[in-house]
Amino acid sequence: MTSITSVELNYLVFRYLQESGFTHSAFALGYEAGINKCTIDGNMVPPAALISFVQKGLQYLEMEANLSNSDADADEDFSLLQPLDLITKDVRELRQMIKERKKSLQKERDKEIEKAKEKEKEKEKEKERETEREKEKELGAEPMDISVPSTSQACEISSSDVMILEGHASEVCACAWSPTGSLLASGSGDSTARIWTIAEGTARSSMQNGPANVLVLKHVKGRTNEKSKDVTTLDWNGEGTLLATGSYDGQARIWSTNGELKSTLSKHKGPIFSLKWNKKGDFLLTGSCDKTAIVWDVKAEEWRQQFEFHTGPILDVDWRNNVSFATSSTDNMIYVCKVGETRPIKTFAGHQGEVNCVKWDPAGQLLASCSDDISAKIWSMKQEKYVYDLREHTKEIYTLRWSPTGPGSSNPNEQLVLASASFDSTVKLWDVEVGKLLCTLCGHRDPVYSVAFSPNGEYLASGSLDRCINVWSLKDGNIVKKYTGNGGIFEVCWNKEGDKIAACFANNTVCVLDFRM
């Protein structure tokens, strides 16, 4: 009899978590179960393999229990058992349950027959009444047509304004535009990052990975299905001359715009979940599953300082200025640290669940955080407790972003707004001066994984597991553009001009949308 090994089962569970969007759980299982060392070829395993496997097991049990009954017909309806019955009972008990439920079902059918006869009589009466009404209509006036005002239809982006970048062999979990040019970087579970050159104007349909427009940054030599080399995060330096990538193998790598590997930074003992350049470009900050954050001296190609304050994996990091930064973790804590200081310069405690994301406002005065505890919070360096506790979402909040408006931004006279994206399928906009909800953007059907403001602060793009990118006008909260792809969306981002939006998908593609109002 064929049996499944623990290695195979671990891999199926790992894939299920990854496909369901439970990224951090997948990373943790992969790390502890040594998924990177297993010999299973991930390309041979179809999507939803675990669900299919369990379903087939349940169907087998159900068939066995039903067809073992002598009075079972070949065309019997196998809906007498629930999945929980199949999991918790043996075949003998299942057969007994089926017999009892069949008896009960027969009684129900007899009742249904009686009801059906009564309904037929009622139908005959209704026909007679309808005939009477028709006669009355012929004599009297027609009823008025009541028109329901149609809701404003979002403008679906035409295929001629969409560029599909193909080449990755696994889901694409990160993308970022160069702050200075027309280069777009993407990072994938196929152990590569790619730098795409996006020409002015928009190519029609798909764009193949020819040598002229894409550079492949391999994180492993040769072909491999090692999950340890997954590219989990990436970030350009301020000048757009260097791209940093973080990987599941715990290494950060720095690449030039021509695809050359400039340096490999090794010290972490677990996957890197977040990495950021400081504005000056002399330090790179990494946060890892090993519970530590490291500031790297890029020029010297060595670590400057390791910060070991958290008791759980670090999920996000963000610079406040060139020397201080915030970190968030699964331990519910947020620390503000400074290069050269051996202890945190600020500790923010208040969340009751994993803190998924931390972001400083453009002026570096307020820190926003969001958590699995269904809240977002605003913190200030001037006090210990949060300034505002934002509780309007109904499920975990995955990410948030500040608008590029207000003090410290390129649009200083516009109102500063915070956007939060949640597993409840909504995006919410907050007035941070008073800590109140401005509006809720309802247009997705599944968890929203990413939001990004346009450079002028007038629009917000959101990407969801429902395969849709929505672009919202912040003037009235309406969807002005919409695009539906062929996979869940992990990240959306705008180019510096604000006329293109990039998005990375679970179906191994990156899309570039032409956005011109």
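Residues numbered from 1 in each chain as written. Predicted model: local features only at pLDDT ≥ 70, side-chain atom pairs only at ≥ 80, totals over all residues. Heavy atoms only, no water.

**With respect to the overall build of the protein**
For step 1, the next point in the chain: When helices and strands are tallied, the protein shows 5 helices and 34 strands.
For step 2, the next point in the chain: Put simply, 48% of the contacts in the protein that link residues at least 6 apart link residues at least 24 apart.
For step 3, the next point in the chain: As displayed, the protein offers around 26400 Å² of accessible surface, 50% of which is attributable to carbon and sulfur atoms. (Helix = DSSP H or I, 4+ residues; strand = E, 2+ residues; numbered from the N terminus. Contact = heavy atoms within 4.5 Å. Areas by Shrake-Rupley, 256 points an atom, 1.4 Å probe, with all protein chains shown as cover.)

**A closer look at the packing of aromatic side chains**
For step 1, the next point in the chain: In the structure shown here, the tally under the stated rule is 16 aromatic pairs.
For step 2, the next point in the chain: Relative to Phe515, the ring of Trp494 lies with its centre 5.1 Å away and its plane at 90°, an arrangement referred to as edge-to-face. Taken together, the positions of Trp494 in strand β32 (residues 489-494) and Phe515 in the segment after β34 (510-514) put the pair 21 residues apart, joining distant regions of the chain.
For step 3, the next point in the chain: Taken together, the ring pairs connect Phe283, Phe307, Phe309, Trp319, Phe325 and Tyr335 into an aromatic cluster.
For step 4, the next point in the chain: Over the ring of Trp303 we find Lys267; its NZ or CZ atom is 4.2 Å from the centre of that ring.
For step 5, the next point in the chain: Taking NZ or CZ as reference, Arg320 lies 5.4 Å from the ring centre of Trp360, over its face. (Phe/Tyr/Trp six-rings, centres within 6.5 Å; stacked < 30°, edge-to-face > 60°. Lys NZ or Arg CZ within 6 Å of the ring centre and 35° of its normal.)

**Remarks on the nonpolar core**
Soluble globular proteins tend to pack their nonpolar side chains together in the buried interior.
For step 1, the next point in the chain: Counting residues in each nonpolar core, the largest one holds 18 residues, and the members touching the most others are Ile469, Tyr483, Trp494 and Leu513.
For step 2, the next point in the chain: Of all the elements in the fold, those that place two or more residues in this core are β29 (459-464), β30 (468-473), β31 (479-484), β32, β33 (500-505) and β34.
For step 3, the next point in the chain: With residues up to four places along the chain from it excluded, the contact list for Ile469 reads Ser462, Lys481, Lys482, Tyr483, Ile489, Val492, Ala503, Phe505 and Leu513.
For step 4, the next point in the chain: Listed in part, the 17 residues of the second largest apolar core include Leu165, Trp196, Val214 and Ala502. (Core = buried A, V, L, I, M, F, W, Y, C linked by side-chain atoms within 4.5 Å. Buried < 20%, exposed > 50% of the residue type's maximum accessible area, 1.4 Å probe, protein only.)

**Side note on the sheet that holds strand β28 (residues 448-453)**
Strand pairing in a sheet relies on backbone hydrogen bonds, with the paired strands running either antiparallel or parallel.
For step 1, the next point in the chain: Taking strand neighbours across the sheet as the criterion, the 5 strands line up as β1-β31-β30-β29-β28 in an open arrangement whose pairing is mixed. Taken across any chain shown, the strands that pair with only one partner, and hence form the sheet edges, are β1 (155-156) and β28.
For step 2, the next point in the chain: The sheet contact formed by β28 and β29 spans 5 bridges and is antiparallel. The partner of Ala452 across the bridge, within β29, is Ala461. (Pairing = 2+ DSSP bridges.)

**Side note on the pairing of β34**
For step 1, the next point in the chain: By the criterion of burial, β34 is predominantly enclosed, with 5 of the 5 residues buried.
For step 2, the next point in the chain: Here β34 shows no split at all, with Val510, Val512 and Asp514 on one side and Cys511 and Leu513 on the other all buried.
For step 3, the next point in the chain: The pairing of strand β2 (residues 162-165) with β34 spans 4 bridges and is antiparallel. The partner of Leu165 across the bridge, within β34, is Val510.
For step 4, the next point in the chain: When β33 meets β34, the two strands line up antiparallel, connected through 5 bridges. Bridge pairing in β34 places Ala503 opposite Cys511.
For step 5, the next point in the chain: Where β33 folds back on β34, the antiparallel hairpin that results is connected by 4 residues, among which Asn508 adopts a positive phi of roughly 80°.

**Looking at a positive patch on the surface**
For step 1, the next point in the chain: Among the surface-exposed residues, Lys99, Lys103, Lys107, Lys111 and Lys115 lie close enough to one another that they form a single positively charged patch.
For step 2, the next point in the chain: Its location among the elements puts Lys115 in helix α5 (residues 91-139). (Patch = residues over 30% accessible without salt bridge, like charges linked within 9 Å, V, L, I, M, F, W, Y side chains within 5 Å. Salt bridge = Lys/Arg side-chain N within 4 Å of Asp/Glu carboxyl O. Lys, Arg positive; Asp, Glu negative; His and termini not counted. Charge placed at Lys NZ, Arg CZ, Asp CG, Glu CD.)

**Section: the packing of helix α1 (residues 6-19) against helix α2 (residues 23-33)**
For step 1, the next point in the chain: The contact between α1 and α2 brings their axes to 8 Å, and the two run at 160°. Put simply, α1 runs roughly antiparallel to α2. Here α1 runs over α2; the crossing is left-handed. For the pair α1 and α2, the contacting residues are Asn10, Val13, Phe14, Leu17 and Gln18 in the first and Ser25, Ala26, Leu29, Gly30 and Ala33 in the second.
For step 2, the next point in the chain: Split by residue class, the contact of α1 with α2 holds 6 nonpolar, 4 polar and no charged. (Axes fitted to C-alpha atoms, helices over the stretch in contact; angles between N-to-C directions. Parallel < 35°, antiparallel > 145°, perpendicular 65-115°, else oblique. Left-handed = near helix turned anticlockwise from the far one by under 90°. Nonpolar A, V, L, I, M, F, W, Y, C, P; charged D, E, K, R; others polar.)

**Describing α2**
For step 1, the next point in the chain: By the burial criterion, the buried members of α2 are Ala26, Phe27 and Gly30. Take α2 and look down its axis: the buried residues cluster within an arc of 100°, on one side only.
For step 2, the next point in the chain: Buried residues along α2 sit against α1, β8 (231-236) and β12 (272-277).
For step 3, the next point in the chain: The positive-phi residue at the C-terminal boundary of α2 is Gly34, with phi of around 65°. (Arc of directions from axis to C-beta.)

**Quick look at a nonpolar patch on the surface**
For step 1, the next point in the chain: On the surface, Ile4, Leu9, Phe53 and Val54 cluster together into a nonpolar patch covering about 320 Å² of accessible area.
For step 2, the next point in the chain: Within the element layout of this structure, Phe53 appears in helix α3 (residues 49-67).
For step 3, the next point in the chain: Classification of Phe53 by relative accessible area gives partly exposed; the value is 43%.

**Section: unusual backbone geometry**
For step 1, the next point in the chain: Positive phi values are uncommon outside glycine, yet Asn332 reaches one of about 75°.
For step 2, the next point in the chain: Mapped onto the elements, Asn332 comes out in the loop between β17 (324-329) and β18 (334-338).
For step 3, the next point in the chain: Classification of Asn332 by relative accessible area gives partly exposed; the value is 22%.
For step 4, the next point in the chain: With a phi angle near 80°, Arg467 is a residue other than glycine that sits in the positive phi range.
For step 5, the next point in the chain: Within the secondary structure, Arg467 is located in the loop between β29 and β30.

**Focus: the environment of Leu390**
For step 1, the next point in the chain: Turning to its location among the elements, Leu390 is positioned in strand β23 (residues 388-390).
For step 2, the next point in the chain: Expressed as a C-alpha distance, the spacing of Leu390 and Ser369, which sit 21 residues apart in the sequence, is 9.9 Å.

**Here we look at the confidence of the model for the protein**
For step 1, the next point in the chain: Mean pLDDT over the protein works out to 85, with 82% of the residues at or above the 70 mark.
For step 2, the next point in the chain: Counted against residues more than four places away or in other chains, residues 139-152, with its pLDDT under 50, gives 0 contacts.
For step 3, the next point in the chain: Scored below 50 in pLDDT, residues 202-212 makes 30 contacts in the model with residues more than four places away or belonging to other chains. (pLDDT = per-residue confidence, 0-100.)

**A closer look at the pattern of salt bridges**
For step 1, the next point in the chain: Tallying each qualifying case throughout the model produces 11 salt bridges.
For step 2, the next point in the chain: Lys280 is the salt-bridge partner of Asp282, the closest N and O atoms lying 3.9 Å from each other.
For step 3, the next point in the chain: For the salt bridge of Glu384 with Lys346, the shortest nitrogen-to-oxygen distance reads 3.0 Å. On the criterion of sequence distance, the pair formed by Glu384 in the loop between β22 (376-380) and β23 and Lys346 in strand β19 (residues 346-348) is long-range, its members being 38 residues apart.
For step 4, the next point in the chain: Lys346 gets classed as buried once you look at its relative accessible area, which sits at 11%.
For step 5, the next point in the chain: Look at the salt bridges and you will find they share partners, linking Lys276, Asp316, Asp318 and Lys359 into a network.

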